[in-house]
Amino acid sequence: MKVKNSWHRPQIIVVTALIAVGIIIMVAIAVVQHKPLHQKYKYGIVLDAGSSHTSVYIYEWPAEKENNTGMVQQKHSCNVKGKGISSYSGTPHKAGESLKDCMDEAKKIIPNHRHRETPVYLGATAGMRLLKMDNYTASEKVLKSVETFLQTYPFSYEGARIISGQEEGAFGWITVNYLSDNFRKASGTMGALDLGGASTQITFVSGQEMESPDNSIDFRLYGNDYHLYTHSFLCYGKDQVLKLSLEKQIEPKLDMTDNIILEDPCFHPGYNVNKSFQSVFDSPCVKKITSNFTHKGLGEWNKCHKAIKKVFNTTCIYSRCSFNNIFQPPVKGGFGAFSAYFFVMNFLNLTNLNLDEAKKRLETYCNTSWDTLKEKHPSVKEKYLAEYCFSGTYIITLLEDRYNFTNKTWNNINFIKKIGDSEAGWTLGYMLNLTNMIPAEAPETPLLPYGGYVTLMLILSLLIFVFFILGYIFFRRPSGSTHKVII
Ligand SMILES: O=c1[nH]cnc2c1ncn2[C@@H]1O[C@H](COP(=O)(O)OP(=O)(O)O)[C@@H](O)[C@H]1O
Ligand SMILES: [Ca+2]
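Bear in mind the structure is a predicted one, so any value in this text is a computation, not a measurement. (Residues numbered from 1 in each chain as written. Chains lettered and ligands numbered in written order. Predicted model: local features only at pLDDT ≥ 70, side-chain atom pairs only at ≥ 80, totals over all residues.)

1. Some words on the overall build of the chain
In terms of regular secondary structure, the chain is built from 15 helices and 16 strands. On C-alpha atoms alone, the chain measures out to a radius of gyration of 32 Å, which is more than a quarter above the 23 Å that the 2.2 N^0.38 rule sets for 487 residues. Taking all 487 residues of the chain together, the buried fraction comes to 37%. (Helix = DSSP H or I, 4+ residues; strand = E, 2+ residues; numbered from the N terminus. Rg over C-alpha atoms; globule rule 2.2 N^0.38 Å. Buried ≥ 20, exposed ≤ 12 C-beta atoms within 10 Å, placed from the backbone.)

2. Some thoughts on the nonpolar core
By size, the foremost hydrophobic cluster in this structure holds 108 residues, and its most contacted members are Val146, Tyr341 and Ile395. Residue contributions to this core peak at 9 residues, all from helix H13 (residues 382–402). Setting aside residues up to four positions removed in sequence, isoleucine 395 forms contacts with Leu195, Tyr341, Val344 and Met345. (Core = buried A, V, L, I, M, F, W, Y, C linked by C-beta atoms within 7 Å. Contact = placed C-beta atoms within 7 Å.)

3. What to know about the packing of helix H10 (residues 340–347) against H13
Two elements in contact, H10 and H13, have axes separated by 10 Å at closest approach and are oriented at 115°. Judged by the twist between their axes, the crossing of H10 over H13 is left-handed. Note on element contacts: H13 touches H10 through Tyr388, Ser391, Gly392 and Ile395, opposite Ala340, Tyr341, Val344, Met345 and Phe347. Looking at side-chain class alone, the contact of H10 with H13 contains 7 nonpolar, 2 polar and no charged residues. (Axes fitted to C-alpha atoms, helices over the stretch in contact; angles between N-to-C directions. Left-handed = near helix turned anticlockwise from the far one by under 90°. Nonpolar A, V, L, I, M, F, W, Y, C, P; charged D, E, K, R; others polar.)

4. Points about the environment of alanine 340
Position of alanine 340 relative to the elements: it lies in helix H10. Residues alanine 340 and glycine 471, spaced 131 residues apart in sequence, show a C-alpha to C-alpha distance of 73 Å. Contact partners of alanine 340, with chain neighbours within four places excluded, come to Leu195, Gly196, Lys238 and Ser391.

5. What about the site of ligand 1?
Lining the immediate surroundings of ligand 1 are 20 residues, of which Gly50, Ser52, Thr125, Gly196 and Gly197 lie closest. Among the elements that line the shell around ligand 1, the one with the most residues is H10, at 3 residues. Class assignment of the residues belonging to the shell around ligand 1 gives a composition of 6 nonpolar, 12 polar and 2 charged. (Near = placed C-beta within 6 Å.)

6. Brief notes about the confidence of the model for the chain
Considering every residue of the chain, the mean pLDDT works out to 91; 92% of them sit at 70 or more. At the level of individual helices and strands, the chain shows its lowest average pLDDT in helix H1 (residues 10–34), which scores 72, and its highest in strand S6 (residues 191–195), which scores 99. Among the prediction metrics, the complex's ipTM stands at 0.99, with pTM recorded as 0.87. (pLDDT = per-residue confidence, 0-100.)

7. Looking at unusual backbone geometry
Phi at serine 339 takes a positive value of approximately 55°, unusual for a residue other than glycine. You can see serine 339 is positioned in strand S13 (residues 335–339). A positive phi angle, close to 60°, is found at asparagine 349, a residue other than glycine. Looking at the secondary structure, you find asparagine 349 in the loop between H10 and helix H11 (355–367).

8. Quick word on the environment of leucine 262
Mapped onto the elements, leucine 262 comes out in strand S10 (residues 260–264). When the C-alpha positions of leucine 262 and aspartate 194 are compared, they lie 30 Å apart, and in sequence the two are 68 residues distant.

9. Describing the UniProt feature "active site" (unreviewed entry) in the chain
UniProt's entry tags Glu168 with the feature "active site" (unreviewed entry), counted in the numbering of this structure. Of note, glutamate 168 is situated in helix H6 (residues 165–179). Excluding residues within four positions of it along the chain, glutamate 168 makes contact with Thr125, Ile163, Asp194, Gln201, Ser232 and Trp426. (UniProt positions renumbered as here; feature names shortened; annotations may be inferred.)

10. Describing the environment of lysine 40
By secondary structure assignment, the location of lysine 40 is in the loop between H1 and strand S1 (41–49). Remark: the alpha-carbon pair of lysine 40 and arginine 114, spanning 74 residues in sequence, is separated by 10.0 Å. Discounting chain neighbours no more than four positions away, the residues touching lysine 40 are Pro62, Ala63 and Glu64.

11. Comments concerning the sheet that holds strand S14 (residues 413–415)
Backbone-to-backbone hydrogen bonds join strands into a sheet, with any given pair of strands oriented parallel or antiparallel. Judged by pairing direction, the sheet is mixed, and its 6 strands sit side by side in the order S8-S9-S7-S6-S13-S14 without closing on themselves. Since the sheet does not close on itself, it has two edges, and those belong to strand S8 (216–221) and S14, each with one partner. Put simply, the sheet's adjacent strands are angled 20° from each other on average, direction ignored. Note that S6 and S13 share 5 bridges and pair parallel. Along S13, the bridge assignment pairs alanine 192 with glycine 336. (Pairing = 2+ DSSP bridges.)

Structure follows, in structure tokens:
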């Protein structure tokens, strides 16, 4: 009896094909299902309460990739109107309220359903460090005021505090290296130079033995150990160091009975302003001088350079120091210089010059008359405009004479404001640290990147299908010459 093989029936072929297509669809769905949704972002807010002003930064990152370095980015920044929170020492209850516009903006920008889980941190820097030294009660009241105010928002309030100089330096270093993706690359890290109004920080991996424990910080990030040198110089931000320089120049004239005229080589010829002692000698960085004076510009760069050198004390008990008896190993590798380093050098067009060219251009700039400058830059704040010659000269003196950058290593300094869309500064590093977003160990990476995984799954499913068909064809073909099955 001859029996037709039941595999030959077209219904069976169709069913087999359907099963195979079903497998492919199932695999594809499973794969797509595992893909994190693109729109899921999380947010964090950090307030940088600096000596001159407060900025509010909003950061965002994909919710599913919290521990992947390079994922957090700045979404928005807002400059708080008015001066820094330390300027509210006389009216502390108004410090909190001053943050209102920027915090309201944050509420609008961050989606409502994320508000409760969004952390808010406020870190105050050198302005508040100085206020704390000068008037502890006032500094506490200011912090209380911003705390009470921030707690009225629906976010997760995580604290308002004065951060230490070491934290300021180290977190600035973390920020620039995180944004440059240096923790994942084997290329090494870059140093961080931060110039504020009241303090300045230098932080880098030196590779040398640290002679003073205060200047040493260790991190384990992403499976690598980093041994950092860091120092924060209180009173050596550009606003306080100007006071120091005025104090040094005024001191020898104090025994004069009549009106004191201060002829300042760091200010422009034609600059002639009466200044009250309260407005200048108002900080713990300088002695309380009680004489008003006339501030007159000379515009002589070489003399300015000499005058600025006098604000540094050069005694040193270590094998080497930057200044004021602070140990510093030789600078090493590339550096990112941000905040006022950038504002000043960018305004003066010195960011792309070598050291000698920068000095020459600054010399000409300082010698420009005050009237000419005001005419040329009508929209620049007069306070900034009057001080760029001083600040530029201070930056060059600090970097060359004190930190020991040379003609050659000068070119390793990059004056930067942002990396990508994120501003360079301590705030991002501070948040990454407090939210544990940079793991000590590198997370296990998946065998394949996501795109590769999807492609491979699809190819495999197709192969199964093809083998199915081939198998069927071979199964149908009779072995030997006969087509018949004989029972
Ligand atoms: O556009 C600008 N031109 C010049 N200087 C600026 C500009 N914007 C900000 N600054 C200065 O940058 C410095 C920022 O210091 P900050 O307020 O962060 O103090 P801190 O870090 O010492 O607490 C201040 O001296 C401020 O005047
Ligand atoms: Ca700052």
